[in-house]
Amino acid sequence: MSKITKAVFPVAGSGTRFLPATKAMPKELLPIIDKPIVQYAVEEAVAAGITELIFVTGRNKRAVGDHFDANLELEAQLMAKGKTELRDMVRNIVPEGVSCIFVRQPEPLGLGHAVLCAAPAVGDNAFVVLLADDLMQGTELPTEALVRAYAKKPQTVLSVSEVDPKDTSKYGILKPGATDSDGLISVEGIIEKPAVDKAPSNLASFGRYVFTPEIFDVLRGLKPGAGGEIQLADAIDQLAQAGKVAAITNPSRRYDCGDKFGYLTAIVDVALADAEYRDRFLDLLRDRIAQTAH
Ligand code: G1P
């Protein structure tokens, strides 16, 4: 069994929830202060040992490619001004030894279809999938945990967390089986966005997955599911029913940056965790709370 070196980032989604900001700009480049959302996901993958980044893009996403491409003109300008730290930061957005591949999803036919578009670039290898909207913060991040779980037992593994039972219709929800002594949960099925009374549990799958290449065969045979789209969760469900899927608990804190309030929460928490802003930002928040109390 070989090490996982490939990560797929489906970044073709339109981002209508963030209009007008996303009229001309990909939602994945919305910044958390000064770093685009998608860069957090890339850093998480690279920290887990990934060396090939495969972006599945769509219309209006060229800027994602530009962000991860070298910008020699900018680097030269920064050097000429003696701004070496900034130059190094820009240069190391994709560290040495890590490469990028861009694949187009020609039509928005769903997350499962987007992952299938990456098949030629992935080949016959296990790989991870990261949904950039789900931003993770913590000392241990889920991609590393997934890669480790796969190394112990090579199979499809999902990163999951408990959600408020009234929110099951927002997520892929697990039908969990037994949990072993390592905390590996066997998955008997997964339902995409079930209504509260149809949810088999309150364990939700969140934007981080490790797959064996078998997922591509299942995706190729799938009919459109919820919303007329090829759903990744439907493919996972088929594998789960054959006893081939496990889950582990997400070890980190997750922010839903596909949602405006989740995005705002991520900005607040990242600012509070940053030595440069923390004290001033806390003063500002205290001041605003005092003002609204009157
Ligand atoms: C996607 C997946 C869903 C998952 C969710 C959160 O849905 O289809 O199974 O629970 O991401 O990671 P989306 O939020 O893109 O509609």
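Residues numbered from 1 in each chain as written. Predicted model: local features only at pLDDT ≥ 70, side-chain atom pairs only at ≥ 80, totals over all residues. Heavy atoms only, no water.

Some points on the side chain of Ser 159
The condition is simple: Going along the chain from the N terminus, every DSSP run of H or I of four or more residues is numbered as a helix, and every run of E of two or more is numbered as a strand. Residue burial is assigned from relative accessible area. The probe radius is 1.4 Å, only protein chains are included, and a residue is buried under 20% of its type maximum, exposed over 50%, and partly exposed in between. The contact definition used throughout considers only heavy atoms, calling two residues in contact when any of these lie within 4.5 Å.
Mapped onto the secondary structure, Ser 159 falls in strand β8 (residues 156-162). Residue classification places Ser 159 among the buried positions, given a relative accessible area of 1%. Setting aside its immediate chain neighbours within four residues, Ser 159 contacts Pro 142, Leu 146, Ala 204, Ser 205, Phe 206, Arg 208, Ile 248 and Asn 250.

Here's the deal with the pairing of strand β4 (residues 52-57)
The following threshold applies: For two strands to count as paired, DSSP must find a minimum of two bridges between them.
Most of β4 sits inside the fold, with six of its six residues counted as buried. Summarising the sheet, strand β1 (residues 6-10) and β4 pair through five bridges and their orientation is parallel. From the neighbouring strand, Phe 9 faces β4, where its bridge partner is Phe 55. Sheet topology note: the β4/strand β5 (residues 99-104) ladder contains six bridges and is parallel. Within β5, the position partnered with Thr 57 by the bridge is Arg 104.

A word on the UniProt feature "domain: Nucleotidyl transferase" (unreviewed entry) in the protein
Short version of the rule: UniProt positions are given in the numbering used here, feature names are shortened, and annotations may be inferred rather than shown by experiment.
Under the UniProt annotation, "domain: Nucleotidyl transferase" (unreviewed entry) lies at residues 11-267. The straight-line gap between the two end C-alpha atoms of residues 11-267 is 21 Å; of that span, 32% is helix and 25% is strand.

Let's talk about the site of the ligand
Stated precisely, the cut-off is as follows: By convention in these notes, a residue is near a molecule or strand provided one of its non-hydrogen atoms lies within 4 Å of it. Whenever two N or O atoms come within 3.5 Å, that pair is a polar contact, provided that in protein one can donate a hydrogen and the other can accept it, and provided that, for residues adjacent in sequence, both atoms are side-chain atoms. Gly is put with the polar residues, along with every residue not named as nonpolar or charged; the nonpolar set is Ala, Val, Leu, Ile, Met, Phe, Trp, Tyr, Cys and Pro, and the charged set is Asp, Glu, Lys and Arg.
Taken together, Leu 111, Leu 131, Asp 134, Tyr 171, Gly 172, Glu 192, Lys 193, Ser 205, Phe 206 and Gly 207 make up the full set of residues near the ligand. Separating an oxygen atom of the ligand from a side-chain N or O atom of Asp 134 is a distance of 2.5 Å. Between an oxygen atom of the ligand and a main-chain N or O atom of Ser 205, the distance comes to 2.5 Å. For the shell around the ligand, the element with the highest residue contribution is strand β11 (residues 203-211), accounting for three residues. Broken down by class, the residue content of the shell around the ligand amounts to four nonpolar, three polar and three charged.

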